[in-house]
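If you want the building blocks of each chain, they are given just below.
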Amino acid sequence: MEQLMKFPKSQSIAKLYFIAAIGLFVGQILFGTILGLQYVMGDFLFPEIPFNVARMVHTNLLIVWLLFGFMGAAYYLIPEESERELYAPWLAKLMFWIFLAAGVATILGYLLVPYATLAEITMNDLLPTMGREFLEQPTITKIGIVIVVLAFLFNIGMTILTGRKTVITLVLMTGLVGLAVFFLFAFYLPDNLVLDKYFWWFVVHLWVEGVWELIMAAMLAYVLIKVTGVDREVVEKWLYIIIAMALISGLIGTGHHFFWIGTPSYWQWLGSIFSALEPIPFFMMTLFAFNVVNKRRRDHPNKAAVLWALGTAVMAFLGAGVWGFLHTLAPINYYTHGTQITAAHGHMAFYGAYVMVNLTVISYAMPIINGRQANNQRAQVLEMWSFWLMTVAMVFITLFLTGAGILQVYLQRYSDTPLDFMVVQDKIAIFYWLREIAGIVFLIGLLIYVYSFFAKGEEVKTVDMTS
Amino acid sequence: MRETFTKGMARNIYYGGGVFFFLVLIGLTVDTVNRISKTDNRENLTEEVIAGKRLWEINDCIGCHSLMGEGAYFAPELGNVYTRFGNSTDAIKGFIMSRPKDGIPGRRSMPQFNFTPEELEQIAQFLKYVDGIKTARDWPPNVKG
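Residues numbered from 1 in each chain as written. Chains lettered and ligands numbered in written order. Predicted model: local features only at pLDDT ≥ 70, side-chain atom pairs only at ≥ 80, totals over all residues. Heavy atoms only, no water.

Enquirer: An account of the overall build of chain A is needed here, citing residue identities and associated values.
Expert: Along the backbone of chain A there are 17 helices and zero strands. For chain A, whose C-alpha radius of gyration is 22 Å, the value lies close to the compact-globule estimate of 23 Å for 467 residues. Its C-alpha atoms give chain A principal-axis dimensions of about 70 × 45 × 45 Å. Residues counted as buried form 67% of the 467 residues belonging to chain A. The contacts of chain A with a sequence gap of at least 6 include a subset with a gap of at least 24, amounting to 82%. (Helix = DSSP H or I, 4+ residues; strand = E, 2+ residues; numbered from the N terminus. Rg over C-alpha atoms; globule rule 2.2 N^0.38 Å. Buried < 20%, exposed > 50% of the residue type's maximum accessible area, 1.4 Å probe, protein only. Contact = heavy atoms within 4.5 Å.)

Enquirer: Can you tell me about the overall build of chain B, naming the residues and giving the values?
Expert: Helix and strand counts for chain B come out as five helices and two strands. Here the C-alpha radius of gyration of chain B, 22 Å, is well above what a compact globule of 145 residues would show, namely 15 Å. Structurally, chain B occupies a C-alpha span of about 70 × 40 × 30 Å along its principal axes. Counting every position in chain B, which comprises 145 residues, the buried fraction comes to 50%. When the accessible area of chain B is evaluated, it comes to approximately 6,900 Å², of which 59% is carbon and sulfur surface. Here chain B carries 18 positive and 17 negative side-chain charges, and the mean point of each set is 8 Å from the other. (Areas by Shrake-Rupley, 256 points an atom, 1.4 Å probe, with all protein chains shown as cover. Lys, Arg positive; Asp, Glu negative; His and termini not counted. Charge placed at Lys NZ, Arg CZ, Asp CG, Glu CD.)

Enquirer: Explain the environment of Leu111(A) to me, using residue names and the numbers behind them.
Expert: All names here are of chain A. Position of Leu 111 among the secondary structure elements: in helix α4 (residues 89-112). Taking the C-alpha atoms as reference points, Leu 111 and Leu 170, separated by 59 residues in sequence, lie 39 Å from one another. Sequence-distant contacts of Leu 111, that is, excluding residues within four places in its chain, are made with Phe 31, Ile 49, Val 53 and Val 57.

Enquirer: Give a detailed account of empty space enclosed by the protein, specifying residues and quantitative values.
Expert: By the definition in use, this model includes five cavities of 30 Å³ or more. What the second largest cavity holds in volume is close to 160 Å³. Taken together, 14 residues line the second largest cavity, and the ones lying closest to its centre are Arg132(A), Glu133(A), Asp196(A), Lys197(A) and Ile62(B). Going through the elements one at a time, α8 (193-228) of chain A together with α2 (47-58) and β2 (70-71) of chain B are the ones with two or more residues in the lining of the second largest cavity. Partitioning the lining of the second largest cavity into residue classes produces five nonpolar, two polar and seven charged. (1 Å grid on protein atoms, 1.4 Å probe; cavity = no way out; pocket = protein on both sides within 12 Å on 5 of 7 lines; lining within 4 Å. Points joined across faces, edges and corners; volume = space filled by probe spheres on them. Nonpolar A, V, L, I, M, F, W, Y, C, P; charged D, E, K, R; others polar.)

Enquirer: Could you give an account of unusual backbone geometry, with specific residues and numbers?
Expert: In this model, Phe46(A) is joined to Pro47(A) through a cis peptide bond whose omega is 5 degrees. That bond from Trp139(B) to Pro140(B) is cis: its omega, 0 degrees, falls within 30 degrees of zero. When you line up the elements, Pro140(B) lands in the segment after α5 (117-131). Not every positive phi belongs to a glycine, and Leu45(A) is a case in point at roughly 65 degrees.

Enquirer: Got a sec to walk through the layout of surface pockets? Specific residues and values, please.
Expert: In this structure, the largest pocket spans a volume of roughly 830 Å³. Together, 39 residues line the largest pocket, and His65(B), Ala75(B), Pro76(B), Phe95(B) and Met110(B) are the ones closest to its centre. Going through the elements one at a time, α3 (51-82) and α16 (421-427) of chain A together with α3 (81-84), α4 (89-97) and α5 of chain B are the ones with two or more residues in the lining of the largest pocket. Of the residues belonging to the lining of the largest pocket, the class tally is 26 nonpolar, six polar and seven charged.

Enquirer: Lay out the packing of aromatic side chains with the relevant residues and their values.
Expert: Aromatic ring pairs: the centre-centre distance and the angle between the two ring planes describe each pair. One pass over the structure, following the stated rule, counts 59 aromatic pairs over all chains. Geometrically, the ring pair formed by Phe182(A) and Phe22(B) is edge-to-face, given 6.3 Å between the ring centres and 65 degrees between the ring planes. A residue pair is termed interchain when its members come from two chains, as with Phe182(A) in helix α7 (residues 167-183) and Phe22(B) in helix α1 (residues 7-35). Look at Phe22(B) and you get partly exposed, because its relative accessible area is 31%. Between Phe350(A) and Tyr354(A) the ring centres are 6.2 Å apart and the planes differ by 65 degrees, which places this aromatic pair in the edge-to-face class. Of this pair, Phe350(A) and Tyr354(A) both sit in helix α14 (residues 340-369), four residues apart, which is roughly one turn of the helix. The exposure class of Phe350(A) is partly exposed, given its relative accessible area of 24%. By way of ring pairs, the aromatic residues Phe185(A), Tyr188(A), Tyr198(A), Phe199(A), Phe202(A), Phe258(A), Tyr266(A) and Trp267(A) are connected into one cluster. Over the face of the ring belonging to Tyr39(A) we find Arg435(A), whose NZ or CZ atom lies 5.0 Å from the ring centre. When the ring centre of Tyr334(A) is taken as origin, the NZ or CZ atom of Arg137(B), which lies over that ring, is 3.8 Å away. (Phe/Tyr/Trp six-rings, centres within 6.5 Å; stacked < 30°, edge-to-face > 60°. Lys NZ or Arg CZ within 6 Å of the ring centre and 35° of its normal.)

Enquirer: An account of the environment of Leu224(A) is requested, with residue identities and associated values reported.
Expert: Residues and elements named next belong to chain A. Looking at the element boundaries, Leu 224 is found in helix α8. In sequence terms Leu 224 and Gly 103 are 121 residues apart; their C-alpha atoms lie 31 Å from each other. Contact partners of Leu 224, with chain neighbours within four places excluded, come to Gly 229, Phe 288, Ala 289, Val 292, Val 293 and Ala 309.

Enquirer: Which residues make up the domain arrangement of chain B, and what values go with them?
Expert: What the domain assignment lists for chain B is domain 1 (1-38) and domain 2 (41-138). Averaged C-alpha coordinates put domain 1 of chain B and domain 2 of chain B at centres separated by 38 Å. (Domains from an automatic or database assignment.)

Enquirer: An account of the environment of Gly103(A) is needed here, citing residue identities and associated values.
Expert: Along the chain, the position of Gly103(A) falls in helix α4. In sequence terms Gly103(A) and Val64(A) are 39 residues apart; their C-alpha atoms lie 7.1 Å from each other.

Enquirer: How would you sum up the side chain of His65(B)? Please name residues and give values.
Expert: When you line up the elements, His65(B) lands in the loop between α2 and β1 (66-67). Excluding residues within four positions of it along the chain, His65(B) makes contact with Trp56(B), Glu70(B), Gly71(B), Ala72(B), Ala75(B), Pro76(B), Leu78(B) and Met110(B).

Enquirer: Tell me about α8(A), residues and numbers included.
Expert: All names here are of chain A. Taking 1.5 Å per residue, 36 residues should reach 52 Å; α8 reaches 50 Å between its end C-alpha atoms and fits that length. Approximately 60 degrees is the largest bend angle found in α8, and it occurs at Trp 207. Two or three places before Val 194, at the start of α8, stands the capping residue Asn 192, its side-chain oxygen 3.0 Å from that residue's backbone nitrogen. The first or second residue beyond α8 is Gly 229, which carries a positive phi of 70 degrees. (Expected span 1.5 Å × (residues − 1). Bend = angle between axes of the 7 residues up to and from the residue. Polar contact = N/O pair within 3.5 Å; in protein donor to acceptor, adjacent residues only side chain to side chain.)

Enquirer: Lay out the interface of chain A and chain B with the relevant residues and their values.
Expert: With 88 residues of chain A at the contact, the number on the chain B side is 72 residues. Note that Lys197(A) and Glu70(B) form a salt bridge whose closest N and O atoms lie 3.0 Å from each other. Its residues assigned to classes, the side of chain A that touches chain B shows 53 nonpolar, 20 polar and 15 charged. (Salt bridge = Lys/Arg side-chain N within 4 Å of Asp/Glu carboxyl O.)

Enquirer: Please provide a residue-by-residue account of a nonpolar patch on the surface, values included.
Expert: All names here are of chain A. Together, Met 41, Ile 430, Trp 433, Leu 434 and Ile 437 make up an exposed nonpolar region whose accessible area comes to about 450 Å². Following the sequence through the fold, Ile 437 ends up in helix α17 (residues 429-452). Residue Ile 437 is classed as exposed on the basis of its relative accessible area of 52%. (Patch = residues over 30% accessible without salt bridge, like charges linked within 9 Å, V, L, I, M, F, W, Y side chains within 5 Å.)

Enquirer: Explain the nonpolar core to me, and be specific about the residues and the numbers.
Expert: Ranked by internal contacts, the top residues of the largest apolar core, which has 208 residues, are Tyr76(A), Ile156(A), Trp207(A) and Trp212(A). Sorting elements by how many residues they give to this core places α8(A) first, with 28 residues. The residues touching Tyr76(A), leaving out its near neighbours within four places in the chain, are Met5(A), Gln11(A), Ala14(A), Tyr222(A), Tyr364(A), Ala365(A), Ile368(A) and Ile369(A). Listed in part, the six residues of the second largest apolar core include Phe259(A), Trp260(A), Ala330(A) and Trp139(B). (Core = buried A, V, L, I, M, F, W, Y, C linked by side-chain atoms within 4.5 Å.)

Written out as structure tokens, the structure reads:
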């Protein structure tokens, strides 16, 4: 049997990143269930953990664990693709501990002191960057993120430059450099609110509807090559055309955020037209995944990884593509902007695209790092159960929030006698209760997922991967 | 995909399309930044308003409220709260000031931030400034936000 990992010294560093990612993911979902409960029991944990604090923890943990996942995936796949050890494995390990310490300290800061106190302690006044959605981290944390990401890019960049260059590593590297470059807009906080909002999207939109799609497509393409044995040429052609469509639609598609924030009205046309094209790359990803799995030249024993890969393609299309399109046209967005419709889309898009692609790579790589082609039968069955529980729960979370959003839009904005925000919230509470139940099912699915790493059972037959 | 569509063609579309539309985005950004002086209410961007914006940020108000539709959806939209409260900064200050420290049993409640009178005025002036920003089609659709 051939060696499982070609460069175990470098590739096994990914395991640290994956474990941290999953740990923070559990924290994210715990806080998600707290938030869901606060929607219907307004005084839950008040005033100890107010909604805004729990929400910061929920969204920031998501961002940090996705970054851990991306970095882990890069450290795993780049040595293999480049056919050499990482330029500096020690640096990858050092940066792991720095990033983890900074992340945990920041989350504890949110929970232990009032946010204004955190701003004071971390001397936000010297370079104010705090207090914007998703970019709540103290300035010192943001500087830490930049240092970690630069060291990471240097490490993988040198590995790629001095090794074999493949389309996958090139696309992944482009996406990760873009991630770093656009994050710099987090340090630009103008007093003028319109400018503030306009450039805030240069981080948020150009990440999740821009360069992150490159990272995602590269990660998915890598796993699909590995589990299907399909010719690299075929995969690379798909990869190029998918990311081409992502940028062609997504760059000007940023305009769908510039409808109602004091920006020129031409954005209503440009944003509507280009963002209506944004589902295309996700639909192509679905076609691509099913196409190469159907044409597979081998049956990889890791069935769970194949399921995650196909699931990512479908759910990213539904969450980012379909649910994004639902409210992206300006005349519709006029009514839906800033309602539960946005929340519905946000949940399924993040789960379908970025959570699932990370879990795909983890599912594929972790068994190999642990010295086997695939996990035992029982572990895989449990992992597939967790896939279905989490995915179906997320579909229901999205449907319930969509129901809440439609009613909210009607009662608060569309009917002839619009009602107050809080009156409407009370009227749609049933949907929030149902969402909370679905959230708990998601948490159960996640706990089964974690348990699957420890499950013992009958080993699966390995297959020859050299062909 | 058919063989007539080669990997090289796909790669060229990626590079060409990516670079082209990135340049278009930069061009539109320059144009937008030039045009917004007519809508962004900069004439009312006083020191007091800027101080209010900083308070808005360091208390993470966006973690519950939305402002011009962006933020969280747990508490009311505040981009037009000045209008909703009868064009009164006193009403805004009174609301923030009167939040009970331990919340309201069973209901959502805004925390008591213990702002000084000066800080309250700054926040109210910031919200008044935001209300003065001219949004397309005068969004939000009605006074309820």
